[in-house]
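Residues per chain, in single letters:
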Amino acid sequence: MSLTAIALAGFAILVVLLLIRVPVGIAMAIAGIAGFSLVVGIDPAISMVSQVAFNALTAYEFSIIPMFILMGTFAAKSDLSLEMFRASQAWLGRFRGGMAFSALVASAGFAAVNGSSMATAATMTRVALPEMERNGYDGALSAGVIAAGGTLGIMIPPSAVLALYGFITQQNVADLFIAGILPGLLGLACYASAILILGFFRPASMPVAGSSSWSEKLISLSRVWAIALLFGLIIGGIYGGVFTVTEAAGIGAFGAWLIGTLRGRLGVKATLECLGEALAMSAAIFTIVIGALTFGYFLTVTGTTTALIGWLANQPVGPYGVLTLILLGYLVLGAVMDELAITLLTLPIVFPVIQSLGFDPIWFGVIFVMTVTLGVNTPPIGMNVFVINSIARHISLGRIYRAVMPFIAVDLVRLLLLILFPSIALYLVY
Amino acid sequence: MNRFLRAIELAASLMLGVVTLITFANVVMRFGFNSALMDSFDLTRMAQGLALAWGIAVTTHRSEHITIDGLWTLMGPRGRRVMDIVARVITGSFLLVLTLAMAQRAYRNMLSNLSTAELSIPIWGFHAAMTLGIALACFVVFASIRLVRNGGYTRGAA
Amino acid sequence: DTLRFSHFLPPGHYFDNDVNAWGAALDEASGGELTVQVFPAGQMGAPADHYAMVRDGIVDVAWVNFGYTPGAFPIADLIDLPFSLEVPRDVASVAVNTWYAAYAGQEMSDVHFCLAHVGAPGALHSAQPITLPSDVAGLQVRPASGSMARFIADLGGSAVQVPATEARQAIERGVANAITFPWGSIDFFGISDAVPYHIADTLYYVGAGIVMNKARYEGLSPEMRAAVDSVCTSEWAVGVGASWVEFENNGRQVLADMGHTIHESTPEELAAWHEAAQPSYDRWAATMVAQGLDPQEIRASLDAAVDAAAAAQ
Ligand code: NA
Ligand code: NA
């Protein structure tokens, strides 16, 4: 069998396993081992998967993931996300689509104190979805808004994927975080426009909720200080050189716990629940990372990855043509693969190509992360959509995917804007 | 069984708390006492690995692994049960292979004396403990097959 | 026949080019029968796993940094100790290759040992002037290896164990105020502004080598084994990494041109540094004794290899 045929066979095995509902990470690991056995041998393949498991579970670079998730669960249990949602609702409730805007703003605010889009999506599904449905919002539309809102956290610092990009490409993570702020806010504006347009065509799907008094508005604002404090601590600490990003994740989780404890929301039992929840979510992610890395090593040994990237870099289309090809490739990869796995597997090869083309590494980080994470909301493997569906079982995957499509469309516009106007990302950095 | 898994979950959760605390304490130590905890780099990594490996058993028990449900939702009750059993047998077999592979690697790491960078603590013990977490996940999957066959289990492939 | 070679430096890096040259030489020596497919950037596994990857057949050949697996190669640990080899890199590499060949069968019995060498000479770079070991007390230093971390601790400094990828951040943000690094890496990683003071003398070398899967080597025909042997020589111990070392060493002039202070130790200062390094050697000797080995003999044979290599220059 030729290497290409083996690579295709690996993909075929993967698809079959996914269809019969083998967990994603385990399906990728099995397909990876099977393929690696065909190319190299069964004993090396088995040794490889054990190595991948130990490495992924104990990787220093990955410790930001469970700790950022933990910060998110503590913040959610301390009702930081709910307060953010209520405050936005007090101000925006009197507009059509006000609750959808509120869900977006709350997602953005919550994203500022946690580093994972899945954690944001999970929390907002619990906090915002029931209230939206109770107020007569279309369930799928609400889920779509929450799925889109979850991705705001990928750009708004802190961000686990941006940090990982920085580790791998040796770029300053503080700069990357700062570079993500404006694109993140632009995302918020783009999604809000999408809601305006949807509201215009389907007013019945987002009824007006009613307005709040000025005192309610001001009281709601006074409650969100904790988010500002936590955000300031993390970003200020990283930027001011008090601690590294990995340490910031630990400090952030500890800080969120402290806020919750001071507010009387986090007793021993609630703390343990948060830890357990963050643990289970992290373990689910790491299972996928193990599978993705195993599958990735298999693709590497068949030469598929290198051949693809080499081919891309040698197209006679100029730097922006190559960039476009690379981004198109990432869009496809992002649709089927986990963004962490893509980052780990392809960046060491792609980044030198980007540098040789003379692109700004911080700007490319923003573009890259945005492109690969578009896939968290697209079929066949859209992690955010899976997470929302796993909490709100009554809204089917297909309906959420359809509802999130308008937001994907405006994301593509945003991506184009970022490519055409690099200063959106770089203005605050340089 | 359930009580045992509750205990595992508690231990793994506390371990995650410890990872966070060490990371936090390291910053405090550096600024407060101008010193670093010896081997905190390697020990944090090992604690993280332990928490996550046992966490995989917890996630497996809670059926919180991420799956693609498209085809499954189209199936009737019988079809779903067949798919659940097949997916579990495959998942369990993989976890069994992974357990054996990790045990072998832990054993080889013991033979080659791998240790932490500063305090020279052997790391095979940590690796063996992580392997136990995966072994438990494997056991959980096979135990749940019986429940599915009796029709007592409706959610989650593993 | 294709041999898969894994290393963990980026594609197009000086070292990657050297590895490709090594592969081309093997290709030629084998009359085109053995080709080397290089997987750079740790595409086939993490840096610390490279020895195990060869042992278990995940790849056929790999470049292994001996210090990445503490405890696995106790004899080779001698290479990484402070001031172990106070000679230029090419002399040090030839010496290490000939010296370690006698012990590799003991420590690396489950692979075929090809060659051993050292990386670019490493020095101490800092935010404030350092001339004596006592100046390191109270400083936060990013060490290049486990041996360096323990040495820093002996001096009363604290080792900030961040991966190379976080080193820049740590230095730039003042989390660490000194670093042990080869010369060229300082400017390459963009931290030259943060560490304007340097000690000229070579503080350490990092030991590394090329190993091959045992079954793979033994499965080759005698002619092909001879072809492999022809690129497992002291000449190639110097050749693999030579352009990288040249780049690193040029970095010293780059820093001097920036107006940095590069301090040449006086004989008295150097003696103080040697004395400060003694605990490192005592620890290593204790490990040797615990394993039934003779530290004096092993160290003497390294010194003899250095003398022989220097004489042959
Ligand atoms: Na965020
Ligand atoms: Na997707």
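Quick look at the structure, then. (Residues numbered from 1 in each chain as written. Chains lettered and ligands numbered in written order. Predicted model: local features only at pLDDT ≥ 70, side-chain atom pairs only at ≥ 80, totals over all residues. Heavy atoms only, no water.)

1. Brief notes about the interface of chain B and chain C
In step 1: Between chain B and chain C, the residue contacts involve 15 residues of the former and 19 residues of the latter.
In step 2: In total, about 1,500 Å² of surface goes out of reach between chain B and chain C, with carbon and sulfur atoms giving 48% of it.
In step 3: Linking chain B to chain C there are three salt bridges.
In step 4: Note that C:Asp49 and B:Arg105 form a salt bridge whose closest N and O atoms lie 3.8 Å from each other. (Contact = heavy atoms within 4.5 Å. Buried area = accessible area lost by both parts, 1.4 Å probe. Salt bridge = Lys/Arg side-chain N within 4 Å of Asp/Glu carboxyl O.)

2. What about the environment of B:Val19?
In step 1: Within the secondary structure, B:Val19 is located in helix 1 (residues 2–33).
In step 2: For B:Val19, a relative accessible area of 2% translates into the label buried.
In step 3: Separated by 29 residues in sequence, B:Val19 and B:Gln48 place their C-alpha atoms 6.1 Å apart.
In step 4: Setting aside residues up to four positions removed in sequence, B:Val19 forms contacts with A:Met67, B:Thr44, B:Ala47 and B:Gln48. (Helix = DSSP H or I, 4+ residues; strand = E, 2+ residues; numbered from the N terminus. Buried < 20%, exposed > 50% of the residue type's maximum accessible area, 1.4 Å probe, protein only.)

3. Comments concerning the interface of chain A and chain B
For an interface, size is often stated in terms of accessible area lost upon the parts coming together.
In step 1: Of the residues lining the interface, 59 residues belong to chain A; the matching set on chain B comes to 56 residues.
In step 2: Between chain A and chain B, roughly 5,000 Å² of surface is buried when both sides are summed, and carbon and sulfur atoms account for 75% of that area.
In step 3: Of all residues in chain A, A:Arg21, A:Phe54 and A:Leu279 give up the largest surface area on contact with chain B, accounting jointly for 18% of the area buried on that side.
In step 4: Taken together, chain A and chain B are joined by one salt bridge.
In step 5: Where A:Arg21 meets B:Asp84, a salt bridge forms, and the shortest distance between an N and an O atom there is 3.4 Å.
In step 6: Where chain A packs against chain B, one counts eight residue pairs in polar contact (both at pLDDT 80 or more).
In step 7: In terms of residue count, the dominant contributor to the side of chain A that touches chain B is helix 14 (residues 268–301) of chain A (14 residues). (Polar contact = N/O pair within 3.5 Å; in protein donor to acceptor, adjacent residues only side chain to side chain.)

4. Observations concerning the sheet that holds strand 3 (residues 61–65) of chain C
Residue and element names in this part refer to chain C.
In step 1: One open sheet holds the five strands; their spatial order is 2-1-3-10-4, and the pairing between them is mixed. Two strands in the sheet have a free side with no partner beyond their single neighbour: strand 2 (35–39) and strand 4 (111–118). Taking the axes of each pair of neighbouring strands and ignoring which way they run, one obtains an average angle of 25° across the sheet.
In step 2: Pairing of strand 3 with strand 10 (residues 207–213), which is carried by five bridges, proceeds in the antiparallel orientation. If you follow Trp 63 over to strand 10, its bridge partner there is Ile 210. (Pairing = 2+ DSSP bridges. Axes fitted to C-alpha atoms, helices over the stretch in contact; angles between N-to-C directions.)

5. Overview of the layout of surface pockets
In step 1: Considering only enclosed or pocket space, the second largest pocket measures out at about 720 Å³ in volume.
In step 2: If you go around the second largest pocket, you meet 32 residues; those closest to its centre are A:Phe11, A:Val332, A:Leu333, A:Val336 and A:Met337.
In step 3: When residues of the lining of the second largest pocket are traced back to their parent elements, those giving at least two are helix 1 (3–19), helix 14, helix 15 (304–313), helix 16 (318–336) and helix 17 (339–356) of chain A together with helix 3 (70–74) of chain B.
In step 4: Among the elements that line the lining of the second largest pocket, the one with the most residues is helix 16 of chain A, at eight residues. (1 Å grid on protein atoms, 1.4 Å probe; cavity = no way out; pocket = protein on both sides within 12 Å on 5 of 7 lines; lining within 4 Å. Points joined across faces, edges and corners; volume = space filled by probe spheres on them.)

6. Topic: unusual backbone geometry
In step 1: For the bond running from A:Pro157 to A:Pro158, omega is -5°, close enough to zero to count as cis.
In step 2: Position of A:Pro158 among the secondary structure elements: in the loop between helix 8 (139–155) and helix 9 (160–169).
In step 3: The residue B:Asn113 is not glycine, and still its phi comes out positive at about 60°.
In step 4: With respect to the secondary-structure elements, B:Asn113 resides in the loop between helix 4 (77–111) and helix 5 (124–149).

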